Amino acid sequence: MTSIPRPSRRSLFAASAVGALALATAALLPSTNAMAATGCSVTYTTNSWQGGFTANITIQNLGDPVNQWTLGFTFPNSGQRVDQGWSATYQQSGSAVTAKNLDYNGTLGTGASTTIGFNGSWTSANPNPTAFTLNGTACTGSVPTTPPTTPPRTTPPPTTPPPTTPPPTTAPPTSPPPTTPPPTGTPAGINGQLRVCGVNLCNQYGKPIQLRGMSTHGLQWFANCYNDASLDALANDWQADLLRISMYVQEQGYETNPTGFTNQVNTLVDKASARGMYALIDFHTLTPGDPMYNLDRAKTFFASVSARNAGKKNVIYEITNEPNGVSWSTIKNYADQVIPVIRANHPEAVILVGTRGWSSLGISESGNSDEIVNNPVSASNIMYTFHFYAASHKDNYRNEVQRAAARIPLFVTEFGTVTYTGDGAVDTASSTAWLDLLDRLKISYANWTYSDANEGSASFKSGTCASGQYAGTANLTSSGNFMRNRIRTPDNFPTS
Ligand code: IDC
């Protein structure tokens, strides 16, 4: 998304020149670009904190259909700024802001709406703008009492006359691209929207389930391992329920190209969704271990991906991978700030919170789960993460996981069959003991890694991703063989 230049004489001039050009062009374009007198209706909601905010803007076209649009509004306070936007290209001159459609959301039929948003900053106060224009027409329209002309996505047209009350469908998708439901019979198709129930993860029927799947390696290094062929193999040959999408923040990751990595994550969410897998979005912090170092990046990233994926039932958010060298109260403080950013856009999604000592529930830094039980994150529908490497972490870790699992909801978002270095031989006895325990407790897991990295934890032999041959066992490492055998056994998800 465009970064916004600070106002100057030059940018003011440039912006008004562009505005004048747009007006002149509109007069020459077909009538589909003109707004009818009834105009538009805009809903602008914000989630604000000291100095910053996230804004979501739903634009409804109440006039003739358009195939491109520009929304205009003015901030009431001079210290308010757009910093990073999504689903539109933003420009700001002084207090005046315009947001222009992107390719995929330019077309708005009569009654159709679209949602865009941005992260902003403020200095003295943060009142919402109240007057909006769409293609120059004031948005004074009220929301029509009839449902939008686009049909609700899941309900086929009724054969009997429609009831007089609007159908009790879910809210219209808040962000593009349009969400298609996961395919029938797939893990996401069967289980639908997940919810934390007590210490378990429950499916749409309120029954505890366990998801079993794989984690990507760092997207910045192994992008060539994540494509239609590899994800077909994961969904169909491995029968995996879950893809964890590991987006490193440092080490040449997100911080070097926020837009590029955000898009890469969204593309993989779509590929997992199309195959009926759950998509776990991992904000892969590691070094530095203090999640607060990445707080602003986390807010920006999660505001964007949660708005973009809000219509999906198969998306889970992991807000920090492995905090280390910091207290539980620091992690909790981070969680208390990041969770509301996601909830503002995607209220029903399950959110996963990392724990102290590289997500060891504190054990690797001489603590235990009591610190979480005594001071839990103040949000519902969340789970705590636990990570282990089977050749390094054994009985004392297993005992604490068993103890913690009775008291707090756990999700193993990452584990290895090898040592914590990510390399070495598979410890089959310890890996088996771990997975038997997780199966018994119905704790979901993702294995590190579904990649061809040259290290013992990788599932594929080096060079596999270049060859494009993922299905079957020919290119698997020992770890890959072990994990494929564990994951592809039947799930038997409850369906009522
Ligand atoms: C490791 C990778 C390795 C890479 C390194 C870089 O396997 O190829 O060079 O990260 O930081 C974790 C981390 C995970 C580690 C993994 C293995 O979440 O990023 O991946 N590990 O060391 N925690 C415990 C182990």
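All values reported here derive from a predicted model rather than from experimental measurement.

Each value, and the rule that gives it
- Residues numbered from 1 in each chain as written.
- Predicted model: local features only at pLDDT ≥ 70, side-chain atom pairs only at ≥ 80, totals over all residues.
- Heavy atoms only, no water.
- Buried < 20%, exposed > 50% of the residue type's maximum accessible area, 1.4 Å probe, protein only.
- Helix = DSSP H or I, 4+ residues; strand = E, 2+ residues; numbered from the N terminus.
- Right-handed = clockwise from strand over helix to strand, strands pointing away.
- Pairing = 2+ DSSP bridges.

Participant: Before we go on, may I ask you to explain the pairing of strand S15 (residues 315-318) in this structure?
Facilitator: Regular strands place side chains that alternate from one sheet face to the opposite one. Here S15 shows two buried faces, one formed by Val-315 and Tyr-317 and the other by Ile-316 and Glu-318. Handedness of the crossover joining strand S14 (residues 278-284) and S15 through helix H6 (residues 295-308): right-handed. What joins S15 to strand S16 (residues 351-353) is helix H7 (residues 328-345), and the crossover it makes is right-handed.

Participant: Got a minute to help me understand the pairing of strand S12 (residues 212-215) in this structure?
Facilitator: Pairing of S12 with strand S19 (residues 445-448), which is carried by four bridges, proceeds in the parallel orientation. The partner of Ser-215 across the bridge, within S19, is Trp-448. Two strands pair when backbone bridges link them, and S12 and strand S13 (residues 242-248) are joined in this way by three bridges, in the parallel orientation. By the bridge assignment, Gly-213 is partnered in S13 with Leu-242.

Participant: Which parts of the structure should I look at to understand unusual backbone geometry?
Facilitator: Most peptide bonds take the trans configuration, and most residues that are not glycine carry a negative phi. Omega for the peptide link from Thr-287 to Pro-288 comes to 5°, which places this bond in the cis form. If you trace the backbone, Pro-288 turns up in the loop between S14 and H6. Following Trp-448, the chain continues to Thr-449 via a peptide bond in cis, the omega torsion being 0°. One non-glycine residue with positive phi stands out, namely Ser-359, at about 55°. Tracing the sequence through the fold places Ser-359 in helix H8 (residues 356-359). Take Ser-359: its relative accessible area is 0%, and that puts it in the buried class. Positive phi, normally seen in glycine, also occurs at Ser-366, with a value near 65°. As for its position among the elements, Ser-366 is in the loop between H8 and helix H9 (370-373).

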